[in-house]
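# Topology and contacts: notes
What follows is the residue order along each chain.
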Amino acid sequence: MAWLLIGLSVSLCWLASLCKVYYSSHSSSRTAFFTESKQKRNILLVIAHPDDESMFFSPTISYLTSKGHNLYVLCISTGNADGMGNTRKEELYQACAILKVPLHQIKVLDNPKLQDGFGKVWDHDLLAKIVEEEVASGTIDSILTFDSYGISGHCNHKDVHHGVRFLNMSRRKVEAWELLSTNILRKYSGPVDIWFSIVYSMCWPSGQVHCLLNDDPSKSFQAMAQHMSQWVWFRKLFVSFSSYTYVNTLKRIA
């Protein structure tokens, strides 16, 4: 009987959280992230591998594209750790089409010094130089990337973060934002984590932290399903139970 009550409580909490996601996505009082002026932003999302955009950043991508901002994706590697780099590159294009990111605004690098893999340390100075070139060529005014833990703790994710931190953003008047990592309980709590994320964002001064709810979680599944080479059972479970399918919390990098 006790287990039945626990299961029922969890199910109700899950359902209530999904209703909150749906209600917020159709509410006129959505977050004010990048809406302080009517001017559309040119935003660069810097990721390490194909599928990072779908597994971790889909709520942010959905929000930005729905607001009409110009989102550019810079993927530092082809994800060639298993020799499937060309396949994964094409899968990224297909996933971004689902997420409504134009093909000509996606760039995938294949630098021999920046190859996918655990234990492969990436040069932070080289990363900073690459990102700075993209900022200059695309008139980018904002950058999005991982935080110092990189959500999953992957060394490549961490290196991308440090590469962005190496930029002299004040010189180019560029804002930088990081996707905050959570503990393992929150990470696999699905939509329930929206409540923790909302409360957390309220604890910071205005404009420093933003909580973005996914206006269409099913799009995350559709986008990740385009990565067929990676769409194995445990990633299907990840997308189902990961809080990053339902909410992103972004913090401004000082």
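Counting restarts for each chain, with residues numbered from 1 along the sequence as it is written. In view of the model being predicted, local features appear only for residues whose pLDDT reaches at least 70, and side-chain atom pairs are presented and counted only at 80 or more, with totals across whole chains, interfaces and linings using the full set of residues. For the side-chain quantities, the full set of heavy atoms in the structure was used; hydrogens and water were omitted.

Per an unreviewed UniProt entry, the protein is named N-acetylglucosaminylphosphatidylinositol deacetylase, and its organism is Kalanchoe fedtschenkoi. UniProt positions are given in the numbering used here, feature names are shortened, and annotations may be inferred rather than shown by experiment. Within the UniProt record for the protein, the comment given under Sequence similarities (unreviewed entry) is "Belongs to the PIGL family."

Okay, the overall build of the protein next. What counts as a helix is a DSSP run of H or I of at least four residues, what counts as a strand is a run of E of at least two, and both are numbered from the N terminus. Of the regular secondary structure elements, the protein holds 12 helices and 7 strands. With a 1.4 Å probe rolled over the protein chains alone, any residue whose accessible area is under 20% of its type maximum counts as buried; one over 50% counts as exposed, and the rest are partly exposed. In the protein, which comprises 254 residues, the share counted as buried stands at 50%. Taking as baseline every contact in the protein between residues at least 6 positions apart, the subset at least 24 positions apart corresponds to 83%. The criterion used for residue contact is that any of the two residues' heavy atoms lie within 4.5 Å.

Right, let's get into the packing of aromatic side chains. Under the pairing criterion, centres of Phe, Tyr and Trp rings, with the six-membered ring standing for Trp, must be within 6.5 Å; the plane angle then separates stacked pairs below 30 degrees from edge-to-face pairs above 60, leaving the rest tilted. Inspection of every chain in the model, using the stated rule, returns 7 aromatic pairs. For the ring pair Tyr 188 and Phe 238, a centre distance of 5.9 Å and an interplane angle of 85 degrees mean the geometry is edge-to-face. Of this pair, Tyr 188 sits in the loop between helix H9 (184-187) and helix H10 (193-202) while Phe 238 sits in helix H12 (residues 233-241), and the two are 50 residues apart along the sequence. When its relative accessible area of 39% is taken as the criterion, Tyr 188 is described as partly exposed. The class of Phe 238 is buried, set by a relative accessible area of 9%. For the ring pair Trp 233 and Phe 234, a centre distance of 5.7 Å and an interplane angle of 90 degrees mean the geometry is edge-to-face. We classify Trp 233 as exposed; its relative accessible area is 61%. Relative accessible area serves as the criterion here: at 42%, Phe 234 is assigned to the partly exposed category.

Attention now moves to the sheet that holds strand E2 (residues 70-75). When DSSP finds two or more bridges between two strands, those strands count as paired. Pairing is mixed across the open sheet formed by 7 strands, whose spatial order is E3-E2-E1-E4-E5-E7-E6. What marks the edges here is a single partner per strand, and that holds for strand E3 (106-108) and strand E6 (209-213). The average angle at which neighbouring strand axes cross in this sheet is 20 degrees, direction not considered. Relative to the sheet, helix H3 (residues 58-66) contacts strand E1 (42-47), E2, strand E4 (142-146), E6 and strand E7 (247-252), its axis offset from that of E7 by approximately 80 degrees. Every angle, taken between N-to-C directions, lies between 0 and 180 degrees, and every axis is a line fitted to C-alpha atoms, over only the stretch in contact when it is a helix.

Moving on, we come to the pattern of salt bridges. We define a salt bridge as a contact between a side-chain nitrogen of Lys or Arg and a carboxyl oxygen of Asp or Glu at a distance within 4 Å. Evaluated as defined, the whole model comprises 6 salt bridges. Across the pair Arg 88 and Asp 116 runs a salt bridge, and its minimum N-O distance is 3.9 Å. Here Asp 116 lies in the loop between E3 and helix H5 (124-137) and Arg 88 lies in helix H4 (residues 85-98), a separation of 28 residues in the sequence. Assigned by exposure class, Arg 88 and Asp 116 land together as buried. Several salt bridges converge on common partners, so that one network encompasses Arg 41, Glu 175 and Arg 252.

With that out of the way, let us pick up H5. The α-helix advances 3.6 residues per turn, and as a result positions three or four apart in sequence lie on the same side. What a helix is expected to span follows from its residue count: subtract one and scale by 1.5 Å. The first and last C-alpha atoms of H5 sit 20 Å apart over 14 residues, in line with the 20 Å expected at 1.5 Å per residue. Restricting attention to buried positions, one finds in H5 the residues Leu 127, Ala 128, Ile 130, Val 131, Glu 134 and Val 135. Burial along H5 is one-sided: seen end-on, the buried residues are contained in an arc of 165 degrees. Across from the buried face of H5, at angles greater than 90 degrees, the exposed residues are Asp 125, Lys 129 and Ser 137. The N-cap residue of H5 is Asp 123: its side-chain oxygen and the backbone nitrogen of Asp 125 are 2.8 Å apart. Within two residues after H5, Thr 139 carries a phi angle of roughly 45 degrees, on the positive side. Within this analysis, the arc is defined by the directions that extend from the helix axis to the C-beta atoms. Two N or O atoms count as a polar contact when they lie within 3.5 Å, although within protein this holds only if one can serve as hydrogen donor and the other as acceptor, and sequence-adjacent residues are included solely when both atoms are side-chain atoms.

With respect to the secondary-structure elements, Pro 217 resides in helix H11 (residues 217-225). Spatially, the C-alpha atoms of Pro 217 and Ser 240 are 9.4 Å apart, while their sequence positions differ by 23 residues.

Another point: the nonpolar core. By convention a nonpolar core is built from buried Ala, Val, Leu, Ile, Met, Phe, Trp, Tyr and Cys residues, the set being connected through side-chain atoms within 4.5 Å. Counting 34 residues, the largest nonpolar core has Phe 33, Leu 45, Phe 56, Phe 57, Leu 64 and Val 101 as its most contacted members. Core analysis: the second largest hydrophobic core is formed by 21 residues, Trp 122, Ile 140, Ile 143 and Val 160 among them.

A word on the confidence of the model for the protein. Residue-level pLDDT values for the protein average 87, and 84% of them are 70 or greater. Here residues 26-30 is a poorly scored stretch, pLDDT under 50, and it has 6 contacts once near neighbours within four places are set aside; other chains count. In predicted models, pLDDT denotes the confidence assigned by the predictor to each residue on a 0 to 100 scale.

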